[in-house]
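The lines below spell out each chain.
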Amino acid sequence: MTKLEELSALLVNELHEFNKNIEKLESISQQLNDLKVKMDVSEYKALIIDHQKQMAIHKNMMESFESRFNAKIDQAKIYPTWAVVVFIVCIILIIILVSYLILT
């Protein structure tokens, strides 16, 4: 019988400790639920604003480069005008010369 009494006393003791631990966990959980955490994001906000300004400047620079590049492409010619005129004149002269030689 003494063994049974010892085991039951031990079991009661363990249950009592378990209940105390449960109460502690409940109180800690309640404290965590009541705790309100505020984050200070003012430093990050300033960094984000600075980054946005830099990105806007970069975007404007890219747009101006694109517009200048497109203007250069629109103005670009494969051959200069004088070279095209000289080529056409040469072709006309060759045709006239060949037709003169064939007809004579």
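Residues numbered from 1 in each chain as written. Predicted model: local features only at pLDDT ≥ 70, side-chain atom pairs only at ≥ 80, totals over all residues. Heavy atoms only, no water.

Student: Just checking my understanding: could you explain the overall build of the protein for this structure?
Tutor: When its secondary structure is counted, the protein shows three helices and zero strands. The secondary structure elements of the protein, listed N-terminal to C-terminal, are α-α-α. Radius of gyration (C-alpha) of the protein: 46 Å, far over the 13 Å computed for a compact globule of 104 residues. Expressed along its principal axes, the backbone C-alpha trace of the protein runs to roughly 145 × 40 × 10 Å. The buried share of the protein, reckoned over its 104 residues, is 0%. Counting only carbon and sulfur atoms, one obtains 68% of the accessible surface of the protein, whose full area is about 10600 Å². (Helix = DSSP H or I, 4+ residues; strand = E, 2+ residues; numbered from the N terminus. Rg over C-alpha atoms; globule rule 2.2 N^0.38 Å. Buried < 20%, exposed > 50% of the residue type's maximum accessible area, 1.4 Å probe, protein only. Areas by Shrake-Rupley, 256 points an atom, 1.4 Å probe, with all protein chains shown as cover.)

Student: Looking at this structure, I do not really get a nonpolar patch on the surface. What am I missing?
Tutor: A cluster of nonpolar side chains, contributed by Ile 78, Tyr 79, Val 84, Val 85, Phe 87, Ile 88, Val 89, Ile 91, Ile 92, Leu 93, Ile 95 and Ile 96, occupies part of the molecular surface with about 1200 Å² of accessible area. Examined against the element boundaries, Ile 95 turns out to sit in helix 3 (residues 81-103). (Patch = residues over 30% accessible without salt bridge, like charges linked within 9 Å, V, L, I, M, F, W, Y side chains within 5 Å. Salt bridge = Lys/Arg side-chain N within 4 Å of Asp/Glu carboxyl O.)

Student: Help me out: how do you make sense of the packing of aromatic side chains in this one?
Tutor: Summed over the entire model, instances satisfying the criterion amount to one aromatic pair. When the ring of Phe 65 is compared with that of Phe 69, the centres are 6.1 Å apart and the planes differ by 20 degrees; the resulting orientation is stacked. With Phe 65 and Phe 69 both in helix 2 (residues 42-75) and four residues apart, the pair spans about one turn of that helix. Residue classification places Phe 65 among the partly exposed residues on the basis of a relative accessible area of 47%. (Phe/Tyr/Trp six-rings, centres within 6.5 Å; stacked < 30°, edge-to-face > 60°.)

Student: Can you help me understand the pattern of salt bridges in this one?
Tutor: Two side chains with opposite charge may pair up if their charged atoms get near one another. By the definition in use, this model includes one salt bridge. Two residues, Lys 20 and Glu 17, come together in a salt bridge whose shortest N-O distance is 3.6 Å. Linking Lys 20 with Glu 17, this pair stays in helix 1 (residues 2-34), spanning three residues, or about one helical turn. With a relative accessible area of 38%, Lys 20 lands in the partly exposed category.

Student: How should the environment of Leu 10 be read in this particular structure?
Tutor: By the element assignment, Leu 10 lies in helix 1. Under the relative-accessibility criterion, Leu 10 is labelled partly exposed at 49%. Separated by 58 residues in the primary sequence, Leu 10 and Arg 68 place their C-alpha atoms 88 Å from one another.

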